[in-house]
Amino acid sequence: MASLPEHQQPHFILIPLMAQGHMIPMMDMAKLLAQRGVIITFITTSLNATRLRMTVDWAVNSGLQIRLFELHFPCIEAGLPDGCENLDMIPFTSDMAKKFFIAIEMLQQPVEKFLQEQEHPLPSCMISDVGVAWTNDTARKFGIPRLVFHGTSCFSLLCSDNVSHYNSHESVGSEFEPFLIRGLPHRIEITRAQLPGAFANTSNMQHIHDRVEEAELAADGVMLNSFDELEMEYVDRYRKATRKRIWAVGPVSLCNKEILDKHLPRFAITVDRDRIGPRGLKPIVHLGN
């Protein structure tokens, strides 16, 4: 496939959520796809592109067709401190999280402008993080098949889906009283305090949660950082619950064979949170391990 002319090669656009636990596995998945002859355009913001630059350069030097497309992240416009382009750079309060997702929504227009200006045929596929909900509207507008990417397991996804379906968490009287998650092949109990943030009663985030859920339901398929042999029963049940095609492609980190590949993600950008400017937090970027 890699020997085909570029205009005949499949071209995938990958759009991660700007958080290290989401970006790193999606970049690994980009390398897996590129190893199979797919041209990858990895769309992220300028600071996050800086974090990924060494990894991408190393991949390109090894013959993979991965390119970064950088976007301006509208921090100030969304009410965030200037330079806060990743979830690890903000205090994770519901107010700051809401502003962060508002800024993510504002990335839709520049991505659509990028797609409109494409000289070659439109991408064969879009793979977006489940948290980037606007990609559903954009994929439909341009007629691009869209898959959502979960960096977690089918077990956790099926648990969340079944708790929501059966409303089991509403059967207990306190945050710390265990309840049974129905519809699983094993007996699993959990408390409300252990549920993901999507179950929290934060009314100012409800619109965002609804958008994410709607976009996930509309996806053409789901990609998971897991593998069938690990949790076959849960993959099967999640496939039946969502009635979608499921690709369990993990562990995606196994694409990293060389020592440098395995350690490049550890070259992190750290933030000096003691530096405060007139607009708030002024991140100072350092490269180091």
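The shown structure was predicted, so the numbers you read here are calculated from the model rather than taken from an experiment.

S.K.: Go over the overall build of the protein with me, naming the residues and quoting the values.
M.R.: Counting secondary structure elements, the protein contains 10 helices and 13 strands. In the protein, buried positions account for 45% of the 289 residues. For the protein, long-range pairs separated by at least 24 residues make up 64% of all intrachain contacts whose partners lie at least 6 apart in sequence.

S.K.: Explain the nonpolar core to me, using residue names and the numbers behind them.
M.R.: Counting residues in hydrophobic clusters, the biggest one holds 38 residues, and the most contacted among them are Ile15, Phe73, Leu80, Phe100 and Ile104. Secondary structure elements with two or more residues in this core: strand S1 (11-15), helix H3 (75-78), helix H4 (94-105), helix H5 (108-116), helix H6 (135-142) and helix H8 (206-217). No other element matches H4, which puts 6 residues into this core. Residues in contact with Ile104, not counting those within four places in the same chain, are Leu17, Met18, Phe73, Val132 and Trp134. Listed in part, the 27 residues of the second largest apolar core include Phe12, Met23, Ala49 and Phe149.

S.K.: I'd like to hear about the pairing of strand S4 (residues 125-129), residue by residue, with values.
M.R.: The element S4 is extensively covered by neighbouring structure, given that 5 of its 5 residues are classed as buried. Burial of S4 is two-sided: the residues Cys125, Ile127 and Asp129 facing one way and the residues Met126 and Ser128 facing the other way are all buried. Where S1 lies against S4, 4 bridges are found, and the strand directions are parallel. Within S4, the position partnered with Leu14 by the bridge is Ile127. With 4 bridges connecting them, S4 and strand S5 (residues 146-150) associate as parallel partners. The residue bridging Met126 from the neighbouring strand is Arg146, located in S5.

S.K.: A description of a negative patch on the surface should follow, citing residues and the corresponding values.
M.R.: Together, Asp161, Asp210, Glu213 and Glu214 make up a negatively charged patch on the protein surface. Looking at which element gives the most residues to the negative patch, the answer is H8, with 3 residues. Note on placement: Glu214 falls in helix H8. Classification of Glu214 by relative accessible area gives exposed; the value is 51%.

S.K.: Give me the lowdown on the sheet that holds S4, citing residues and values where you can.
M.R.: If you walk across this open sheet you meet the 7 strands as S3-S2-S1-S4-S5-S8-S9, and the pairing is parallel. The strands lining the two open edges of the sheet, one partner per strand, are strand S3 (66-71) and strand S9 (245-248). Going across the sheet, the axis of each strand differs from the next one's by a mean of 25°, ignoring polarity.

S.K.: Any details on the packing of aromatic side chains? Residues and values, ideally.
M.R.: Summed over all chains, the structure comprises 4 aromatic pairs. Between Phe73 and Phe100 the ring centres are 5.3 Å apart and the planes differ by 50°, which places this aromatic pair in the tilted class. Of this pair, Phe73 sits in the loop between S3 and H3 while Phe100 sits in helix H4, and the two are 27 residues apart along the sequence. Across this residue pair, the class does not change: Phe73 and Phe100 are buried. What links up through ring pairs into an aromatic cluster is the set Phe73, Phe100 and Phe101.

S.K.: Quick rundown of helix H2 (residues 46-61)? Include the residues and the values.
M.R.: For H2, with 16 residues, the first-to-last C-alpha span of 21 Å sits near the 22 Å given by 1.5 Å per residue. Leu52 marks where H2 bends most, by close to 50°. All of the buried residues in H2 are Leu47, Asn48, Ala49, Arg51, Leu52, Thr55, Val56 and Ala59. Positioned one or two residues after H2, Gly63 has a phi angle of 105°, which is positive.

Rules of the game
- In every chain, residue numbers begin from 1 and rise along the written sequence.
- Local features in this predicted model are restricted to residues whose pLDDT is 70 or higher, and side-chain atom pairs enter the listing and the counts only when it is 80 or higher, whereas totals over whole chains, interfaces and linings include all residues.
- Working from all heavy atoms in the structure, the side-chain values ignore hydrogens and water.
- Only runs of H or I of at least four residues qualify as helices and only runs of E of at least two qualify as strands under DSSP, and these elements are numbered from the N terminus.
- Burial classes follow relative accessibility: with a 1.4 Å probe on protein chains only, a residue under 20% of its type's maximum area counts as buried, one over 50% as exposed, and anything between as partly exposed.
- In this description, contact between two residues means that some pair of their heavy atoms is separated by no more than 4.5 Å.
- In these notes, a set of buried Ala, Val, Leu, Ile, Met, Phe, Trp, Tyr and Cys residues joined through side-chain atoms within 4.5 Å is what counts as a nonpolar core.
- Any two strands with at least two DSSP-identified bridges between them are counted as paired.
- Patch membership needs two things, relative accessible area over 30% and no salt bridge, and members are linked within 9 Å if like-charged or within 5 Å if nonpolar (Val, Leu, Ile, Met, Phe, Trp, Tyr).
- Each accessible area value is a Shrake-Rupley result obtained with a 1.4 Å probe; residue values ignore everything except the protein chains displayed when judging cover.
- The working definition used for a salt bridge is a side-chain nitrogen of Lys or Arg within 4 Å of a carboxyl oxygen of Asp or Glu.
- Asp and Glu are treated as the negative residues and Lys and Arg as the positive ones, with His and the ends of the chain left uncounted.
- The location of each charge is read from NZ of Lys, CZ of Arg, CG of Asp or CD of Glu.
- Between the N-to-C directions of two axes lies an angle of 0 to 180 degrees, each axis being a line fitted to C-alpha atoms and, for a helix, fitted only over the stretch in contact.
- Note on aromatic pairs: the rings of Phe, Tyr and Trp (six-membered ring only in Trp) are paired at centre separations within 6.5 Å, and the planes decide the class, stacked below 30 degrees, edge-to-face beyond 60, tilted for the rest.
- Expected helix span is computed as 1.5 Å times (number of residues minus one).
- Two axes enter the definition of the bend at a residue: one is fitted to the seven residues ending there, the other to the seven starting there, and the bend is the angle between them.

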